[in-house]
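Here's the letter readout for the chains.
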Amino acid sequence: MIAPSRRPPSPETLALLETRRSVAAAALQAPGPNADQTQLLLTIAARVPDHAMLVPWRFILIEGAARAEIGSRLAQAYRDNNPHMPEEKREKFAAIMGRLFPAPLAVVVVSRPVAGSAIPAFEQELSAGAVCMNLLTGAAAMGFDGIWVTGWAATHQAALTILGVGDGERVAGILHIGTAAEPPAERPRPDAAALTTRWSPPG
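These remarks concern the structure in this document. Given the structure is predicted, the values throughout are model-derived calculations rather than measurements. Within each chain, residue numbers correspond to sequence positions counted from 1 in written order. For this predicted model, a pLDDT threshold of at least 70 governs which residues receive local features, and a threshold of 80 or more governs which side-chain atom pairs are given and counted, while totals over whole chains, interfaces and linings are taken from all residues. By convention in this description, side-chain values take in all heavy atoms of the structure and omit both hydrogens and water.

Regarding the environment of Ile70
Numbering of helices and strands runs from the N terminus; a helix is a DSSP stretch of H or I covering at least four residues, while a strand is a stretch of E covering at least two. Among the structural elements, Ile70 can be located in helix α3 (residues 66-80). For every residue, the accessible area (1.4 Å probe, protein chains only) is compared with the maximum for its type, and the residue is labelled buried under 20%, exposed over 50%, or partly exposed between those bounds. Taking the relative accessible area as the measure of exposure, Ile70 reaches 11% and is therefore buried. For the pair Ile70 and Arg189, spaced 119 residues apart in the sequence, the C-alpha separation amounts to 34 Å. By the convention used here, residues are in contact when the closest approach between their heavy atoms is within 4.5 Å. Beyond its immediate chain neighbours, meaning those up to four positions away, Ile70 contacts Ile62, Phe101, Ile162 and Leu163.

Regarding the layout of surface pockets
Site definitions follow a grid-based scheme: protein atoms alone, a 1 Å grid, a 1.4 Å probe that fits but cannot get out for cavities, and for pockets an open set with protein on both sides within 12 Å along at least five of seven lines, plus lining residues having an atom within 4 Å of a point. Grid points are joined across faces, edges and corners, and a volume is the space filled by probe spheres set on the points. Here the largest pocket is characterised by a volume of approximately 180 Å³. Around the largest pocket, the lining residues are Ser111, Glu125, Ala128, Thr150, Ala154, Thr155, Leu160, Arg170, Val171 and Ala172. Per element, the largest residue contribution to the lining of the largest pocket is three residues, and it comes from strand β5 (residues 170-180). Of the residues contributing to the lining of the largest pocket, the split by class is five nonpolar, three polar and two charged. Three categories are distinguished: nonpolar for Ala, Val, Leu, Ile, Met, Phe, Trp, Tyr, Cys and Pro, charged for Asp, Glu, Lys and Arg, and polar for the others, with Gly belonging to the last.

Quick notes on the pairing of β5
Burial of β5 is extensive: nine of the 11 residues sit out of reach of the surface. Across seven bridges, strand β3 (residues 105-111) lies against β5 in antiparallel orientation. Within β5, the residue paired with Val110 across the bridge is Val171. Should DSSP find at least two bridges between two strands, the strands are taken to pair. The pairing of strand β4 (residues 145-149) with β5 spans five bridges and is antiparallel.

As for the side chain of Thr38
When you line up the elements, Thr38 lands in helix α2 (residues 35-45). What Thr38 contacts, discounting residues up to four positions off in sequence, is Pro33, Leu61 and Leu105.

Points about α2
Residues of α2 that are buried include every one of Thr38, Leu41, Leu42 and Ala45, and no others. Angularly, the buried residues of α2 cover 95° about the axis, an arc narrow enough to put them on a single face. Polar contacts, as counted here, are pairs of nitrogen or oxygen atoms within 3.5 Å of one another; within protein the pair requires one atom able to donate a hydrogen and one able to accept it, and residues that are adjacent in sequence qualify only if both atoms are side-chain atoms. For α2, the capping residue at the N-terminal end is Asn34, with a side-chain oxygen 3.1 Å from the backbone nitrogen of Asp36. Working definition: the arc comes from the directions between the helix axis and the C-beta atoms, pointing outward to the latter.

Concerning the nonpolar core
Residues belong to one nonpolar core when they are buried, are Ala, Val, Leu, Ile, Met, Phe, Trp, Tyr or Cys, and are joined through side-chain atoms within 4.5 Å. Counting residues in each nonpolar core, the largest one holds 25 residues, and the members touching the most others are Leu74, Met97, Phe101, Val108, Val171 and Ile174. Where this core is concerned, the elements lending two or more residues are β2 (57-63), α3, α4 (87-98), β3, α6 (152-155), α7 (157-163) and β5. Tallying contributions element by element places α3 first for this core, with five residues. Excluding anything up to four places from it in sequence, Val108 contacts Arg58, Phe59, Ile60, Ile62, Leu163, Val171, Gly173 and Ile174.

A word on the pattern of salt bridges
By definition here, a salt bridge exists when the distance from a side-chain nitrogen of Lys or Arg to a carboxyl oxygen of Asp or Glu is within 4 Å. Under the counting rule described, the total for this entry stands at five salt bridges. Where Glu91 meets Arg79, a salt bridge forms, and the shortest distance between an N and an O atom there is 3.0 Å. Here Arg79 lies in helix α3 and Glu91 lies in helix α4, a separation of 12 residues in the sequence. Take Glu91: its relative accessible area is 30%, and that puts it in the partly exposed class. Two residues, Glu125 and Arg170, come together in a salt bridge whose shortest N-O distance is 3.7 Å. Pair noted here: Glu125 is in helix α5 (residues 121-141) and Arg170 is in strand β5, with a separation of 45 residues, a long-range link. Residue classification places Glu125 among the partly exposed positions, given a relative accessible area of 30%. When its relative accessible area of 57% is taken as the criterion, Arg170 is described as exposed.

Dropping the structure here:
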């Protein structure tokens, strides 16, 4: 009889998963992943549950000089699409759009459910969410920091056009990856025990 294959325990991996936390994009700086590390990150990101192997997601990378260029375009798009907003408030948020990509690398994960598939769109969208989480975990394993965000740039049609998101696609997340300017403080976490029940037969 052949013994079942079992991966050996990895305390280091468990410690990383237990302590990983997000870092605000504005607090991320160089160094970021190099070309080889970025390719490995995308390979890790793509290794997710994907019912029927539909690959219902893709990546858009924003790095180097493209960060300032796309920020400028998003800032102007925000102004153009909020003409009735008080000017001071409009300029405040336009400036945020202009500084949206401070980290060395941003990965836009685009959800693109396969229409007509027997696999529900919801399951396909969950797969895109798993891609985002794999990116964060992979970045942490490489020694980098990151955050998963959405917001106006991930939802407004003008911003989606600038990003290059097509019809039938949605942004599952914008993942900013770099190095934290300083170690992030911990934040309160849910009590897993309080959220857990064990099923038993009714009655």
